[in-house]
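Okay, here's what each chain looks like letter by letter:
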Amino acid sequence: MRKVITGDVWLRKLYLTELLDLSDVEVTGMYICDMNYLTSLVGSPKFVGNGFGCGQNELTSLIGAPATVIGSFSCELNKLTTLDYIPLGINGSFNCVGNQLTSLKGSPKTVKNFNCNHNLLTSLEHAPLEVSGNYACHNNKLTNLKGINIESINGGFFCHDNFLTSLEHAPSFVKGAFICGFNNLIDLKYAPKDVEDRFDCQFNNIQSLVHGPTEVGGNYNCNNNKLINLEGAPEICWGYFNCSGNELTSLIGIPHTMHGSFYLSKELKEKFPEEYIRSLSSIRDDVVYLDPNGRPEDEDDEDDEDDEEAGRDEDEDDDD
């Protein structure tokens with residue numbers, strides 16, 4: 001006789017160390033057992049019809065997981081080293097963030113959002129072949145993006161905080177943000193040409209913005225690289241443009257229109273005064289000179305004034 005639970009099963013944060021045996025039961029809705037002390041999924045329903053969540057437990061394996069899960073599957077913040085025994089049928093979001101994975105073997109092939117960040121991955125081989133939403137593989141140990149075979153995604157792409165030396169295999173079109181900062185990139189070859197949200201390539205070793213996106217719908221961060229000019233930047237920046245932390249010798253390539261502020265290093269103020277910058281670009285907001293810590297010079301002045309006032313107060317206290 002078929003055993004069915006109609007609706008959702010919520011077992012969140014109940015201090016469970018094991019699951020009630022529902023291994024011969026089908027759940028038509030969601031089955032959520034996250035934020036417990038589970039070391040095993042033995043006892044899970046054999047079928048879940050609208051998403052399964054087992055995150056924030058003590059799991060080292062997915063043994064005992066449902067045979068089939070329709071919808072999303074989340075196993076984040078456990079101690080998983082493999083994705084063996086992952087259910088069939090997953091077609092929503094797939095979240096395996098914050099584990100100890102060294103391989104994506106077993107991942108579903110078609111998902112909405114894919115989040116594998118904060119693992120120990122050195123390769124994206126076996127990653128989903130179709131991702132319609134966000135794709136997050138940041139904070140791993142990746143040296144390349146081989147394994148991605150996606151031309152465009154309707155969300156953001158996040159590959160920052162890895163060891164990438166190239167953007168080869170990255171999507172060509174990104175409807176959300178494209179974040180590739182804190183890597184070892186020397187150029188923007190293979191970057192998408194059209195990014196509908198912000199673009200961020202800060203803290204790399206990039207020597208030129210040529211080959212970077214020509215359409216960016218939000219902020220553009222290329223700070224703390226090895227740029228000597230801005231050739232290759234988009235003609236229109238729809239947010240702010242930050243090129244501080246570079247030893248610029250020329251502003252060739254500066255966007256001719258910026259809908260936010262323009263940030264550059266404080267050390268370049270004499271070489272590139274605000275009046276000169278505004279003669280090259282129509283900037284809606286401010287021209288801001290940043291110190292090496294990324295703070296505006298006005299803030300430094302305020303800090304100095306505060307220090308002086310504090311010193312005067314101390315002197316007055318001493319006089320008292």
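Scope of this entry: the structure provided in the associated data block. Remember, predicted model here, so these are calculated numbers, not experimental data.

What follows covers the nonpolar core. Judged by nonpolar contacts, the single largest core of 77 residues is most densely connected at Y135 and F241. Once residues within four sequence positions are removed from consideration, Y135 is found in contact with F114, L124, A127, I148, I150, I153, G156, F157 and F158.

Taken as a whole and assessed by the stated rule, the structure comprises eight salt bridges. With a shortest N-O distance of 2.9 Å, D34 and R12 are connected by a salt bridge. Pair noted here: D34 is in the loop between β4 (31–32) and β5 (47–48) and R12 is in the loop between β2 (9–10) and β3 (25–27), with a separation of 22 residues, a long-range link. One salt bridge connects K175 with E196, and the closest N-O pair in it is separated by 3.5 Å.

What follows deals with a nonpolar patch on the surface. A contiguous nonpolar patch, built from V42, I63 and Y85 and spanning about 320 Å² of accessible area, is present on the exposed surface. Here I63 lies in the loop between β6 (52–53) and β7 (68–74).

This brings us to the pairing of strand β26 (residues 287–290). The alternating pattern of β26 places V287 and Y289 on one face and V288 and L290 on the opposite face, and all of these are buried. Strand direction decides the pairing type here: strand β24 (residues 262–265) and β26, joined by four bridges, are parallel. Each residue of the ladder has a partner; that of Y263, found in β26, is V288.

Attention now moves to the pairing of strand β8 (residues 88–95). Here β7 runs beside β8; their pairing, made up of four bridges, is parallel. Looking at the pairing, F73 lines up with F94 of β8. In terms of strand pairing, β8 meets strand β10 (residues 114–115) through two bridges, oriented parallel. Across the sheet, residue N95 finds its bridge partner in β10, namely N115.

With that settled, consider the packing of aromatic side chains. Each aromatic ring pair is described using two quantities: the centre-to-centre distance and the angle formed by the ring planes. Enumeration according to the criterion identifies 15 aromatic pairs in this entry. Here the aromatic rings of F94 and F114 are separated by 6.1 Å at their centres, their planes lie at 10°, and the arrangement is stacked. Note that F94 is positioned in strand β8 and F114 in strand β10, a separation of 20 residues in sequence. Judged on exposure class, the residue F94 and its partner F114 are both buried.

This brings us to the side chain of N140. Mapped onto the elements, N140 comes out in the loop between β12 (135–136) and β13 (152–153). Within the structure, the side chain of N140 is placed 3.1 Å from the backbone nitrogen of L121, a separation counted as a polar contact. One polar contact links the side chain of N140 to the main-chain carbonyl oxygen of H138, over a distance of 3.3 Å. Among all residues touching N140, those that are not within four sequence positions of it are C116, N117, H118, N119, L120, L121, D161, N162 and F163.

Looking at the element boundaries, V174 is found in strand β15 (residues 173–174). Here V174 falls in the buried class, since its relative accessible area comes to 0%. Taking the C-alpha atoms as reference points, V174 and W10, 164 residues apart in sequence, are found 35 Å from one another. Setting aside its immediate chain neighbours within four residues, V174 contacts I153, G155, G156, F157, P192, D194, V195 and E196.

Here the phi dihedral of D161 falls at roughly 55°; this positive angle occurs in a residue that is not glycine. Inspection of the secondary structure puts D161 in the loop between β14 (157–158) and β15. The phi dihedral of Y190 is positive, around 80°, even though this residue is not glycine. By the secondary structure assignment, Y190 is in the loop between β16 (178–179) and β17 (194–195). Looking at Y190, the relative accessible area reads 39%, which means it is partly exposed.

Rules used throughout
- Residue numbers here run from 1 along each chain, matching the order of that chain's written sequence.
- This being a predicted model, a pLDDT of at least 70 is required before a residue's local features are given, and a value of 80 or more before pairs of side-chain atoms are given or counted; all residues contribute to the totals for chains, interfaces and linings.
- Hydrogens are left out, water is left out, and the side-chain values use all remaining heavy atoms of the structure.
- What makes a nonpolar core is a set of buried Ala, Val, Leu, Ile, Met, Phe, Trp, Tyr and Cys residues whose side-chain atoms join them at distances within 4.5 Å.
- For each residue, the accessible area found with a 1.4 Å probe, counting protein chains only, is set against the maximum for its type, and the residue is called buried under 20%, exposed over 50%, and partly exposed in between.
- Note on contacts: a residue pair qualifies if any of its non-hydrogen atoms lie within 4.5 Å across the two residues.
- We define a salt bridge as a contact between a side-chain nitrogen of Lys or Arg and a carboxyl oxygen of Asp or Glu at a distance within 4 Å.
- Helical segments are the DSSP runs of H or I of at least four residues, strand segments are the runs of E of at least two, and each set is numbered from the N terminus.
- Every patch collects residues that have over 30% relative accessible area and no salt bridge, joining them within 9 Å if they carry like charges and within 5 Å if they are nonpolar side chains (Val, Leu, Ile, Met, Phe, Trp, Tyr).
- Note on areas: these come from Shrake-Rupley sampling with a 1.4 Å probe, and a residue is covered only by the protein chains present in the view.
- Any two strands with at least two DSSP bridges between them are considered paired.
- Pairing of aromatic side chains requires ring centres within 6.5 Å, counting the rings of Phe and Tyr and the six-membered ring of Trp. Pairs whose planes differ by under 30 degrees are stacked, by over 60 edge-to-face, and all others tilted.
- N or O atoms within 3.5 Å of each other form a polar contact, as long as, within protein, one can give a hydrogen and the other can take it, and as long as residues adjacent in sequence are counted only when both atoms are side-chain atoms.

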